[in-house]
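# Breakdown of the fold
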Amino acid sequence: MKKSLIDFIICPICSNSFNLKVKIEKNDEIIEGEISCIKNHKFYIHKGIPRIVVTNQKDVIQTTNAFSVKWKKYHKTYHSEKWISKEKKWILDRFGWKNISEFKKFLKSRRYILEAGTGVGNTAFLLSVNKESQVFAIDISESIEFAYKKYGKLENVHFLQADIQKMPFKKKFFDFILSDQVLHHTNNTKKSFKILTRYLEKKGIISIYVYKKKGPIRESTDDYIRESSINMTEEKCMELSKELANLGKNLSNIKTKIKIPHDIPLLKIKAGTYDVQRFIFYNFIKCWWSKDVPFEQSVATNFDWYFPKFAFRHTPNEIKKWYKDSKIKIIHWNEIESGISISGKIN
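Below or above, wherever it landed, is the structure these notes cover. (Residues numbered from 1 in each chain as written. Predicted model: local features only at pLDDT ≥ 70, side-chain atom pairs only at ≥ 80, totals over all residues. Heavy atoms only, no water.)

Before going further, it helps to spend a moment on the overall build of the chain. When helices and strands are tallied, the chain shows 11 helices and 13 strands. For the chain, the C-alpha radius of gyration of 21 Å lies close to 20 Å, the compact-globule estimate for 347 residues. Taking all 347 residues of the chain together, the buried fraction comes to 56%. Here the analysis covers contacts within the chain between residues at least 6 apart in sequence; of these, 63% occur between residues at least 24 apart. Of the accessible surface of the chain, which amounts to about 17,100 Å², a share of 51% is contributed by carbon and sulfur atoms. Averaging the locations of the 63 positively and 38 negatively charged side chains of the chain gives two centres separated by 4 Å. (Helix = DSSP H or I, 4+ residues; strand = E, 2+ residues; numbered from the N terminus. Rg over C-alpha atoms; globule rule 2.2 N^0.38 Å. Buried < 20%, exposed > 50% of the residue type's maximum accessible area, 1.4 Å probe, protein only. Contact = heavy atoms within 4.5 Å. Areas by Shrake-Rupley, 256 points an atom, 1.4 Å probe, with all protein chains shown as cover. Lys, Arg positive; Asp, Glu negative; His and termini not counted. Charge placed at Lys NZ, Arg CZ, Asp CG, Glu CD.)

What follows concerns unusual backbone geometry. Comment: phi is negative for the bulk of residues other than glycine, and the bulk of peptide bonds are trans. Its identity as a non-glycine residue notwithstanding, N40 has a phi of 65°, on the positive side. Position of N40 relative to the elements: it lies in the loop between β2 (29–36) and β3 (42–46).

Before going further, it helps to examine the packing of aromatic side chains. Scanning the model with the defined rule gives 27 aromatic pairs in all. Here W97 and F106 contribute two aromatic rings whose centre-to-centre distance is 5.3 Å and whose plane-to-plane angle is 40°, an arrangement assigned as tilted. In terms of burial, W97 and F106 fall into one category: buried. Grouping aromatic residues by their ring pairs yields a cluster made of F8, Y112, F136, F169, F173 and F174. Over the ring of W305 we find R218; its NZ or CZ atom is 5.5 Å from the centre of that ring. The ring centre of W333 lies 4.9 Å from the NZ or CZ of K320, which sits over that ring. (Phe/Tyr/Trp six-rings, centres within 6.5 Å; stacked < 30°, edge-to-face > 60°. Lys NZ or Arg CZ within 6 Å of the ring centre and 35° of its normal.)

What follows covers the sheet that holds strand β12 (residues 328–335). With mixed pairing, the 11 strands of this open sheet are ordered in space as β1-β2-β3-β4-β7-β6-β5-β8-β9-β13-β12. Pairing within the sheet leaves two strands with one partner each, and these edge strands are β1 (19–26) and β12. Between one strand axis and the next, the sheet turns by 20° as a mean value, whatever way the strands run. Running at roughly 155° to β12, helix α11 (residues 316–325) makes contact with β9 (200–211), β12 and β13 (339–346) of the sheet. (Pairing = 2+ DSSP bridges. Axes fitted to C-alpha atoms, helices over the stretch in contact; angles between N-to-C directions.)

Time to look at the environment of Y78. Secondary-structure assignment places Y78 in helix α1 (residues 58–78). With a relative accessible area of 5%, Y78 lands in the buried category. When the C-alpha positions of Y78 and I260 are compared, they lie 35 Å apart, and in sequence the two are 182 residues distant. Beyond its immediate chain neighbours, meaning those up to four positions away, Y78 contacts K70, W71, W83, I84, V120, N122, Q297, A300 and T301.

By themselves these figures say nothing about function.
Spelled out as structure tokens, the structure:
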């Protein structure tokens, strides 16, 4: 933790400022210490990271633990140069920047940036190119340790273990908030979105990606499997995720194309030509596999879906209403089979 962070954060319980007590410091980073407010709410700095999580809800803890398991097991593959490059392309494509130069130009206009749900920190690194800005990257899971280990030396990036619904920041503080593939894993996607908007300053921009509700067969299959999988042990669900990755891989070996001549609205199946694996994946069961990543990453992607307690899906109309109700004008909309990316500017 950088000493300067203390000037930006407040107690998430009472909103008072913090006092800092340093126990171990190394190379201008606080490795071990304590922060406390005048009402004696105490939080610890451990392994260089302020741990400011206040939730004790059982289901939230289960989801947090699910992602901690995932990142502990698979963080190395997500820190590979190949994946970081893919992640950069994902951010640019999903949120409407034509190229990295356009994205950097946008970031030059931002001063305080929040990444809500940083995972292993790759996107926080991408957001840090404007050295005049301050990037605050939070995650409720222990993935924050891998993020800090790889990117903690960046001068303008701060990593915190914190909960989106109880953040240690003043309201209307950020001029850009990004939450990619995260809000649907909280206990209430809409509520978490609305909470984030309270931290957005006037004319600030908020960008999110959430899962899109699929057709009835895929939704029914997901719910059926998840009813069991969220109650499995970590090992059992990991084995299930591996079996589903193998199913996806075997389906991809079927080189026949499926042609759907007309839309089937009742099933939300669109006309088109599909390879077998993608057709089944989008319409019947999540059995993710990709030749472009290591097999273990395909396993992790399935685990990400089937093990966490929360994995909500939403319709376009739902999401549009969130923005409208929050008086945020949608300035970018991107809808793909798996999810929806939206950027909006506060009025």
